[in-house]
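# Coordinate analysis (summary)
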Amino acid sequence: MSHKITLIPGDGIGPEITTAVTQLLDRTDVSIEWQEEIAGAAVAKHSGNPVRQQTLDSIVRNRTALKGPIATPIGKGFASANVELRRSLGLFANLRPVYNLPGVTTKFSDIDLVVVRENTEDLYSGLEHQVVPGVVESLKVITAAASTRIAKFAFTYATKKKRQKISAVHKANIMKMGDGLFLDSVRSVAHSFKNIEYEERIVDAACMHLVLEPTKFDVLLLPNLYGDIVSDLCAGLVGGLGLVPSANLGDELAIFEAVHGTAPDIAGQNCANPTALLLSAVLMLEHLGETKVAEQIFIALNRVLTKGKHRTRDLGGDASTHTFTEAISQEMELL
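Residues numbered from 1 in each chain as written. Predicted model: local features only at pLDDT ≥ 70, side-chain atom pairs only at ≥ 80, totals over all residues. Heavy atoms only, no water.

Moving on, we get to the overall build of the protein. When you go through the protein residue by residue, the secondary structure sums to eleven helices and twelve strands. Computed over its C-alpha atoms, the radius of gyration of the protein comes to 20 Å, within 12% of the 20 Å expected for a compact globule of 335 residues. Its C-alpha atoms put the protein at 55 × 50 × 40 Å along the principal axes. Taking all 335 residues of the protein together, 56% fall into the buried category. Counting only contacts in the protein whose residues sit at least 6 apart along the sequence, the fraction spanning at least 24 positions is 73%. By element, 53% of the accessible surface of the protein is carried by carbon and sulfur atoms, the whole surface being about 15000 Å². Taken together, the 33 basic and 38 acidic charged side chains of the protein have centroids lying 3 Å from each other. (Helix = DSSP H or I, 4+ residues; strand = E, 2+ residues; numbered from the N terminus. Rg over C-alpha atoms; globule rule 2.2 N^0.38 Å. Buried < 20%, exposed > 50% of the residue type's maximum accessible area, 1.4 Å probe, protein only. Contact = heavy atoms within 4.5 Å. Areas by Shrake-Rupley, 256 points an atom, 1.4 Å probe, with all protein chains shown as cover. Lys, Arg positive; Asp, Glu negative; His and termini not counted. Charge placed at Lys NZ, Arg CZ, Asp CG, Glu CD.)

Quick look at the structure:
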C-alpha cells in the first residue's frame, strides 16, 4: 500500500532529524509519498500565525503527518503551533508510551507505562486576557464532552493493548468543579470497562510516586496541563525527551511528532539524536497498519543502542546524526 504523508520538518534540529527518519523509512518496503509543509517561526514571521491553512489542508487530505519540533516563544510572540494544530484538526488525544531502551542507563530499568493526555482544553489552551494592567486572567475550561471522549480513548486503548490499570490524575481536592467534572466523566466511562483496574491520584502525589515507584503505574489519564508536565517527568525516567515517541490523535487525523525542543544551539551540526522522531514514526507505521516494518525499525534501533558503538552525544557517544542513522539502516538490512 502507498501512503501520502504530510511532513513538517520544524525548526532548529527539526530538518536534520526528519531527514534522518525519512531516509530510513524510504529504505523500507513501505511506499511513502512525502508532502512537505512548513509551520512555526518562519511562517509566523510573515503572517503572525505559525500554521498556514495550506498545511492544515494537507494534513486533512493525507490524514497523517510526521512533524519535527517547532519553537514556541516564551512569554511573548506568536501562539504555539502545536496547540494550533491540535485544536484546528481536532487531535484530542496525546499518546506517549514511555519505556526503557537498551543501553540507556537510568535509575529504573523496568519502566513500561503510557501517558494519555486530553489535548484540546484546560489551561494549556492558552485562553488568556489582561483584565487591567498588571492583572492577567487565564481560563481553565473543562467540559464533560472532552473529558468523556479522552476517557473512552484511554480505556479502549488499554483494553486493546492488554493494559491492566488506569490512573486518573487530577487536583479535584482544590479545583472541585473543573477537575471534579473531569473525574465524574472518567468514572462514568470506567464503569463500562470492568476488566481494567481504575484508580485516582492527586497530581502532586502522583508525581512523587512516579519518581519513587514508577512501576506501580500502567496508563496515566490526565487533563491537558497536567498531562504536559507529567509526560515530561515520565520521559525523564527513561533518559529524556529525546528517547520518547508521541502521537496526537483525532477521530480521523493523526500527527506523530518529536516532543523535545528545537535545540538551536546544535542545529546544523549533524549531532542531533533522531530517536524520538524515529520512535514516533514507528507509532505512525503501526497506525497505518505497517506493523512488520514498524517492528523491523524498532528492532534495528534497539540493536544499535545495545551494541553501543554508535551513540549520539546525548547518549554519551560521539556519533553524528548521519552515522547513527546509517548504523540503524545497516541493522535493518540484516532483518
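Not every positive phi belongs to a glycine, and D122 is a case in point at roughly 75°. Relative to the helices and strands, D122 is located in the loop between β5 (112-118) and β6 (128-132). Despite not being glycine, K162 has its phi angle at roughly 60°, a positive value. Take K162: its relative accessible area is 68%, and that puts it in the exposed class.

The next thing to look at is the nonpolar core. Considering soluble globular proteins, one finds that nonpolar side chains tend to be buried as a cluster. If you look at the biggest cluster of nonpolar residues, it comprises 70 residues, and the most contacted ones within it are L25, L66, V116, L221 and I328. Looking at this core, the element that brings in the most residues is helix α9 (residues 275-287), giving nine residues. Not counting the four nearest positions on each side in its chain, L66 is found in contact with I5, T6, L7, I8, V21, W34, F256, L277, A281 and M284. Among the nonpolar cores identified, the runner-up in size contains 20 residues, and F217, L220, Y226 and L237 belong to it. (Core = buried A, V, L, I, M, F, W, Y, C linked by side-chain atoms within 4.5 Å.)

Moving on, we get to the environment of M284. By the secondary structure assignment, M284 is in helix α9. Taking the C-alpha atoms as reference points, M284 and S246, 38 residues apart in sequence, are found 9.5 Å from one another. Here M284 is in contact with I5, L25, W34, T64, A65, L66 and F256, once residues within four sequence places are set aside.

On to helix α8 (residues 224-237). Because an α-helix completes one turn every 3.6 residues, residues spaced three or four positions apart along the sequence face the same direction. With 14 residues, α8 should cover 20 Å at 1.5 Å per step; its first-to-last C-alpha distance of 20 Å lies within 8% of that length. For α8, the complete set of buried residues consists of N224, Y226, G227, D228, V230, S231, C234, A235 and L237. Summarising the contacts, the buried residues of α8 are in contact with β4 (93-99), β5, β8 (165-170), α6 (178-190), α7 (203-212) and β10 (219-222). Among the residues trailing α8, G239 stands out with phi positive, at a value near 125°. (Expected span 1.5 Å × (residues − 1).)

In this section: the pattern of salt bridges. Inspection of the entire model under this criterion finds 18 salt bridges. Between D218 and R163 there is a salt bridge whose closest N-O contact spans 2.8 Å. Linking D218 in the loop between α7 and β10 with R163 in the loop between α5 (144-160) and β8, this pair joins segments that are 55 residues apart in sequence. Per residue, the accessibility class of D218 equals that of R163, and both read buried. Note that D204 and K171 form a salt bridge whose closest N and O atoms lie 3.2 Å from each other. With D204 in helix α7 and K171 in the loop between β8 and α6, the pair connects residues that are 33 residues apart, well separated along the chain. Taking the relative accessible area as the measure of exposure, K171 reaches 17% and is therefore buried. Through salt bridges with shared partners, a single network forms among K67, R86 and E257. (Salt bridge = Lys/Arg side-chain N within 4 Å of Asp/Glu carboxyl O.)

Our focus in this paragraph is the side chain of E257. Along the chain, E257 turns up in strand β12 (residues 254-257). Side-chain polar atoms of E257 contact the side chain of K67, separated by 2.8 Å. Among the polar contacts listed, one links the side chain of E257 to the side chain of R86, at a separation of 3.1 Å. The contacts of E257, once residues within four sequence positions are left out, are K67, N82, R86, S246, N248, L277 and S280. (Polar contact = N/O pair within 3.5 Å; in protein donor to acceptor, adjacent residues only side chain to side chain.)

Scanning the model with the defined rule gives five aromatic pairs in all. With a centroid separation of 6.0 Å and an interplanar angle of 75°, the aromatic rings of Y99 and F298 are classed as edge-to-face. Taken together, the positions of Y99 in strand β4 and F298 in helix α10 (residues 291-307) put the pair 199 residues apart, joining distant regions of the chain. Each ring, one from F155 and one from Y198, has its centre 6.1 Å from the other, and the planes form 45°; the classification is tilted. Here F155 is found in helix α5, whereas its partner Y198 is found in strand β9 (residues 197-202), with 43 residues between them in sequence. For F155, a relative accessible area of 0% translates into the label buried. Each member of the aromatic cluster is reached from another via a ring pair, and the members are F92, F153 and Y157. Between R117 and the ring centre of Y124, over which it is positioned, the NZ or CZ distance is 4.5 Å. (Phe/Tyr/Trp six-rings, centres within 6.5 Å; stacked < 30°, edge-to-face > 60°. Lys NZ or Arg CZ within 6 Å of the ring centre and 35° of its normal.)

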